[in-house]
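# Structure assessment
Okay, here's what each chain looks like letter by letter:
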Amino acid sequence: MAKLSLINREKKREMLVKKYAAKRASLRAVIADQSKSEEERYEARLALQKLPRNANPTRLRNRCELTGRPRGTFRMFGLARAKIREIAFRGEVPGLTKASW
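Predicted model only: the values in this text are computed from it and were never measured.

Another aspect to go through is the pattern of salt bridges. Tallied over the entire structure, the rule returns five salt bridges. Residues R13 and E10 are paired through a salt bridge, measuring 3.5 Å at the closest nitrogen-oxygen approach. Of this pair, R13 and E10 are both found in helix 1 (residues 4-32), three residues apart, which corresponds to roughly one turn of the helix. The same class applies to R13 and to E10, which are both buried. With a shortest N-O distance of 3.8 Å, R45 and E38 are connected by a salt bridge. Take R45: its relative accessible area is 30%, and that puts it in the partly exposed class.

What follows is the structure, given as structure tokens:
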């Protein structure tokens, strides 16, 4: 089980990303628009830099929903590899069976 503080930090980041998503998108659109003046694009870059760092989606980390483990997390299930294995052995995931050859 991951530390609760790390799990809460990640949830806080998710909320910030969601909060600033529209603003980031509009600023990035202004920056990419070649028809805008150089000054407008420069102002948009400055405004984008003033947003909180944790509002950037690249700072998000996928974590296991059950344990909070940051590594070995499968996107399809939202669980860490160890938890997927446990649940699959119990037969709780339809269509998922242990490989044997």
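Where helix 1 meets helix 2 (residues 38-50), the closest approach of the two axes is 8 Å, and the angle between their N-to-C directions is 150 degrees. By the angle between their directions, the pair helix 1 and helix 2 is classed as roughly antiparallel. Relative to helix 2, the crossing made by helix 1 is left-handed. Residues R24, L27, R28, V30 and I31 of helix 1 pack against E40, R41, A44, R45, A47 and L48 of helix 2. Residues of the contact of helix 1 with helix 2, tallied by class, amount to six nonpolar, no polar and five charged.

Rules and cut-offs
Residues numbered from 1 in each chain as written. Predicted model: local features only at pLDDT ≥ 70, side-chain atom pairs only at ≥ 80, totals over all residues. Heavy atoms only, no water. Salt bridge = Lys/Arg side-chain N within 4 Å of Asp/Glu carboxyl O. Helix = DSSP H or I, 4+ residues; strand = E, 2+ residues; numbered from the N terminus. Buried < 20%, exposed > 50% of the residue type's maximum accessible area, 1.4 Å probe, protein only. Axes fitted to C-alpha atoms, helices over the stretch in contact; angles between N-to-C directions. Parallel < 35°, antiparallel > 145°, perpendicular 65-115°, else oblique. Left-handed = near helix turned anticlockwise from the far one by under 90°. Contact = heavy atoms within 4.5 Å. Nonpolar A, V, L, I, M, F, W, Y, C, P; charged D, E, K, R; others polar.

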